[in-house]
Amino acid sequence: MLTRLLRMCLALVLAVPAGHALADIYRYVDENGTTHFTNMPDDPRFKLYMKTQKAPSPVTQTLEQRSYPLPRGGRDKYHGHVVAAAKTYSLEPALIHAVITAESAYNPLARSPKGAKGLMQLMPGTAQRYGVKNPLDPKQNILGGAAYLRDLLTMFGDDIQLALAAYNAGEGAVAKHGGRIPPYRETLEYVPKVLSYYKRYKSSM
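Residues numbered from 1 in each chain as written. Predicted model: local features only at pLDDT ≥ 70, side-chain atom pairs only at ≥ 80, totals over all residues. Heavy atoms only, no water.

**Observations concerning the packing of helix α4 (residues 93-104) against helix α6 (residues 138-155)**
When two helices pack together, you describe them by how their axes are tilted relative to each other and by the distance separating the axes.
In step 1: At their nearest, the axes of α4 and α6 sit 11 Å apart, and the two run at 110 degrees to each other. By the angle between their directions, the pair α4 and α6 is classed as roughly perpendicular. Helix-helix and strand crossings are classified by hand; for α4 and α6 the assignment is right-handed. Contacts between α4 and α6 pair L95, I96, V99 and I100 from the former with I142, A146, L149 and L153 from the latter.
In step 2: Here the residues of the contact of α4 with α6 sort into 8 nonpolar, no polar and no charged. (Axes fitted to C-alpha atoms, helices over the stretch in contact; angles between N-to-C directions. Helix = DSSP H or I, 4+ residues; strand = E, 2+ residues; numbered from the N terminus. Parallel < 35°, antiparallel > 145°, perpendicular 65-115°, else oblique. Left-handed = near helix turned anticlockwise from the far one by under 90°. Contact = heavy atoms within 4.5 Å. Nonpolar A, V, L, I, M, F, W, Y, C, P; charged D, E, K, R; others polar.)

Here it is, written out as structure tokens:
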């Protein structure tokens with residue numbers, strides 16, 4: 001399955017100590033086009049991909065201090081799909097619900113000016129990468145979004161803040177800014193919003 005292959009390709013052996021300290025990340029693309037990541041390069045083909053921060057920035061330390069209102073309804077309708085996706089990709093249902101809330105407020109037909117579609121607002125390239133043929137189908141969309149979120153968490157050593165930043169702005173943007181949350185207004189608003197929803201959903205589930 002394509003998603004499983006991508007998860008294997010993105011697997012990083014990252015030891016994350018207290019304070020979210022991360023190791024630098026290296027990658028190379030083999031002859032089959034498969035991308036490999038590691039924080040302990042043992043092959044000369046690995047090149048530095050992302051130099052990560054060694055301690056939380058003042059921005060990340062304050063992200064969880066904000067609160068956002070929850071939208072009315074929607075969660076129960078898609079909870080079954082969320083739970084199934086969470087089990088498949090070893091995620092917390094509360095985190096998937098939080099992303100859906102921030103991305104579409106549970107509108108399965110949501111579309112963004114940039115081309116993102118559905119509950120988890122999958123871009124065309126992301127939908128194709130994870131085998132989502134119809135991003136407006138709730139089940140497919142949630143599975144694809146969950147698979148992408150799982151890969152981002154793996155890539156960033158289970159750092160939820162960085163994974164969410166990458167979900168919003170792209171992995172490249174996080175790498176470009178040294179393994180930190182990109183200083184984009186949209187992303188700086190998006191991450192604390194999802195974290196707020198996540199914290200509240202988690203406490204109620």
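Back to the write-up after that little detour.
**As for helix α3 (residues 75-88)**
In step 1: Helix length check: α3, at 14 residues, gives a terminal C-alpha distance of 19 Å against a target of 20 Å (1.5 Å per residue), a fit within 8%.
In step 2: Along α3, the helix axis deviates most sharply at H81, where the bend reaches about 35 degrees.
In step 3: Turning to α3, its buried residues are Y78, V82, A85 and A86.
In step 4: Structurally, α3 contributes buried residues whose contacts are with α4 and α6. (Expected span 1.5 Å × (residues − 1). Bend = angle between axes of the 7 residues up to and from the residue. Buried < 20%, exposed > 50% of the residue type's maximum accessible area, 1.4 Å probe, protein only.)

**A word on the packing of aromatic side chains**
In step 1: As enumerated under the stated definition, the model contains 3 aromatic pairs in all.
In step 2: Ring geometry for Y28 against F46: centres 4.8 Å apart, planes inclined by 80 degrees, an arrangement best described as edge-to-face. Note that Y28 is positioned in strand β1 (residues 25-29) and F46 in the loop between β2 (35-38) and β3 (47-50), a separation of 18 residues in sequence. Pair check on accessibility: Y28 and F46 agree, each one buried.
In step 3: Seen from their ring centres, Y130 and Y148 are 5.9 Å apart, and the 50 degrees between their planes marks the pair as tilted. Of this pair, Y130 sits in the loop between α5 (124-129) and α6 while Y148 sits in helix α6, and the two are 18 residues apart along the sequence.
In step 4: Accessibility expressed as a relative area gives 7% for Y130, which makes it buried.
In step 5: Classification of Y148 as buried rests on a relative accessible area of 7%.
In step 6: Clustering of aromatic rings is evident, with ring pairs tying together Y130, Y148 and Y167. (Phe/Tyr/Trp six-rings, centres within 6.5 Å; stacked < 30°, edge-to-face > 60°.)

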